[in-house]
Amino acid sequence: MFYAAAVRKQVILYHPDNSDLAFLYGTILTDGKDHFSNDSTTNICIFAKSQVDRCPTGSGVTARIALQFQKGYIKLGQSRIFSAGATGTTFTGKAVAMSKCGNFDAVVVEVSGEANYTGSCDFMVEENDSLKNGFLLR
């Protein structure tokens, strides 16, 4: 994660509502087609230990729409199609409402697309488990 590491060294990350959200987990490389168009725009998300996302990435689409809106490239209600460079799968995103995040102007983004299960997990609790109802740390 060369790019993410370089950004972490040079940029102080900040979230106005929750400091736990002030982190950089991955990098999204784009085709640069940020101005509104009915044509799709392509990106690829590289995260964790250089893994590639199979889809355009919901948080990435959200970020790209928010930036495009802030820069005046798109308007409220305009939909963009985002394609994953690795697989060609698509998501649609649009800015739907103005908002605030802390003292900052923000935009609410709607993302849609197709998702599929890639696994499942079953949990079971044994009757004699003394912590089966959970526990509280203080």
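Heads up: the structure comes first, above all this text.
Because the structure is predicted, anything quoted here is derived from the model rather than measured. Here the residue numbers are simple positions, counted from 1 along each chain's written sequence. Selection of residues for local features in this predicted model requires a pLDDT of at least 70, selection of side-chain atom pairs for listing and counting requires 80 or more, and totals for whole chains, interfaces and linings are taken over all residues. Side-chain numbers come from the whole structure's heavy atoms, not from hydrogens or water.

Visitor: Requested: an account of the overall build of the chain, with residues and values cited.
Guide: Per the secondary structure count, the chain includes 2 helices and 6 strands. The secondary structure listing takes helices from DSSP runs of H or I that are at least 4 residues long and strands from runs of E that are at least 2 residues long, numbered from the N terminus. Helices and strands appear in the chain in the N-to-C order α-β-β-β-α-β-β-β. Rg of the C-alpha trace for the chain: 19 Å, well past the compact-globule value of 14 Å for 138 residues, more than 25% over. The dimensions of the chain, computed from C-alpha atoms along their principal axes, are 60 × 35 × 35 Å. Burial classes: relative accessible area under 20% of the type maximum marks a residue as buried, over 50% as exposed, and values in between as partly exposed (1.4 Å probe, protein chains only). Residues counted as buried form 17% of the 138 residues belonging to the chain. A total accessible area of about 10300 Å² is found for the chain, and carbon and sulfur atoms account for 54% of it. Counted as positive: Lys and Arg. Counted as negative: Asp and Glu, with His and the chain ends omitted from the count. Charge placement uses NZ in Lys and CZ in Arg. For Asp and Glu, CG and CD serve respectively. Computed over 13 positive and 13 negative side-chain charges, the separation of the two mean positions in the chain equals 9 Å. As defined in this context, the radius of gyration uses C-alpha atoms, and a globule is described by 2.2 Å times the residue total to the power 0.38. Per-residue accessibility takes into account occlusion by the displayed protein chains alone, with areas from the Shrake-Rupley method and a 1.4 Å probe.

Visitor: Just give me the short version of a nonpolar patch on the surface, but keep the residues and values in it.
Guide: The grouping of Phe2, Tyr3 and Leu29 at the surface amounts to a nonpolar patch, some 360 Å² of accessible area in total. Along the chain, the position of Phe2 falls in helix α1 (residues 2–10). A patch consists of residues whose relative accessible area exceeds 30% and which take part in no salt bridge; residues with like charges are grouped when within 9 Å of each other, and nonpolar side chains (Val, Leu, Ile, Met, Phe, Trp, Tyr) when within 5 Å. Salt bridges are defined as contacts in which a side-chain nitrogen from Lys or Arg sits within 4 Å of a carboxyl oxygen from Asp or Glu.

Visitor: Report on the nonpolar core, specifying residues and quantitative values.
Guide: Listed in full, the 9 residues of the largest apolar core are Val61, Ile65, Phe69, Ile74, Phe82, Phe91, Ala95, Val107 and Val109. Of all the elements, helix α2 (residues 58–70) adds the most residues to this core, at 3 residues. Two residues qualify as a contact provided that any one of their heavy atoms is within 4.5 Å of a heavy atom in the partner residue. Those residues in contact with Phe91 that lie beyond four places of it in its chain are Cys55, Pro56, Thr57, Gly58, Val61, Arg80, Ile81, Phe82, Val111, Ser112, Gly113 and Glu114. In plain words, nonpolar cores are sets of buried Ala, Val, Leu, Ile, Met, Phe, Trp, Tyr and Cys residues tied together by side-chain atoms within 4.5 Å.

Visitor: Provide a residue-level description of the pattern of salt bridges, including the pertinent values.
Guide: Under the criterion given, the structure shown has 4 salt bridges. Note that Asp34 is salt-bridged to Arg64, the shortest N-O span being 3.0 Å. Linking Asp34 in the loop between β1 (26–30) and β2 (41–47) with Arg64 in helix α2, this pair joins segments that are 30 residues apart in sequence. In this structure Arg64 comes out as buried when scored by relative accessible area, which is 7%. Here Glu127 and Lys132 are joined by a salt bridge, their closest N and O atoms 2.8 Å apart.

Visitor: Give me the lowdown on α2, citing residues and values where you can.
Guide: One less than the number of residues in a helix, times 1.5 Å, gives the span that helix is expected to have. Taking 1.5 Å of rise per residue, 13 residues should cover 18 Å, and α2 covers 18 Å from first to last C-alpha, within 8% of that figure. Turning to α2, its buried residues number three or more, namely Gly60, Val61, Arg64, Ile65, Gln68 and Phe69. Summarising the axial view, the buried residues of α2 lie within an arc of 165°, below the 170-degree limit, and thus occupy one face. Facing away from the buried surface of α2 by more than 90 degrees, the exposed residues are Ser59 and Gln70. The arc refers to the directions leading from the helix axis to the C-beta atoms.

Visitor: I'd like a rundown of the pairing of strand β5 (residues 90–101), residues and numbers included.
Guide: The pairing of strand β4 (residues 79–84) with β5 spans 5 bridges and is classified as antiparallel. Residue Ser83 lies in a different strand from β5, and its bridge partner there is Thr90. A pair of strands is labelled paired if DSSP reports no fewer than 2 bridges between them. Two successive antiparallel strands, β4 and β5, enclose a turn made up of 5 residues, where Gly88 displays a positive phi of approximately 85°. As judged from the 10 bridges shared by β5 and strand β6 (residues 104–113), these two strands associate in the antiparallel manner.

Visitor: How would you sum up the side chain of Arg64? Please name residues and give values.
Guide: For this analysis, a polar contact is any N or O atom pair within 3.5 Å, provided that within protein one partner can donate a hydrogen and the other can accept it, and provided that sequence-adjacent residues contribute only side-chain to side-chain pairs. In this structure the side chain of Arg64 is engaged in a polar contact, spanning 3.0 Å, whose partner is the side chain of Asp34. A polar side-chain atom of Arg64 sits 3.0 Å from a polar atom in the side chain of Asn43. Residues contacting Arg64, with those up to four places away along its chain left out, are Thr30, Asp31, Lys33, Asp34, Thr41, Thr42, Asn43 and Phe82.

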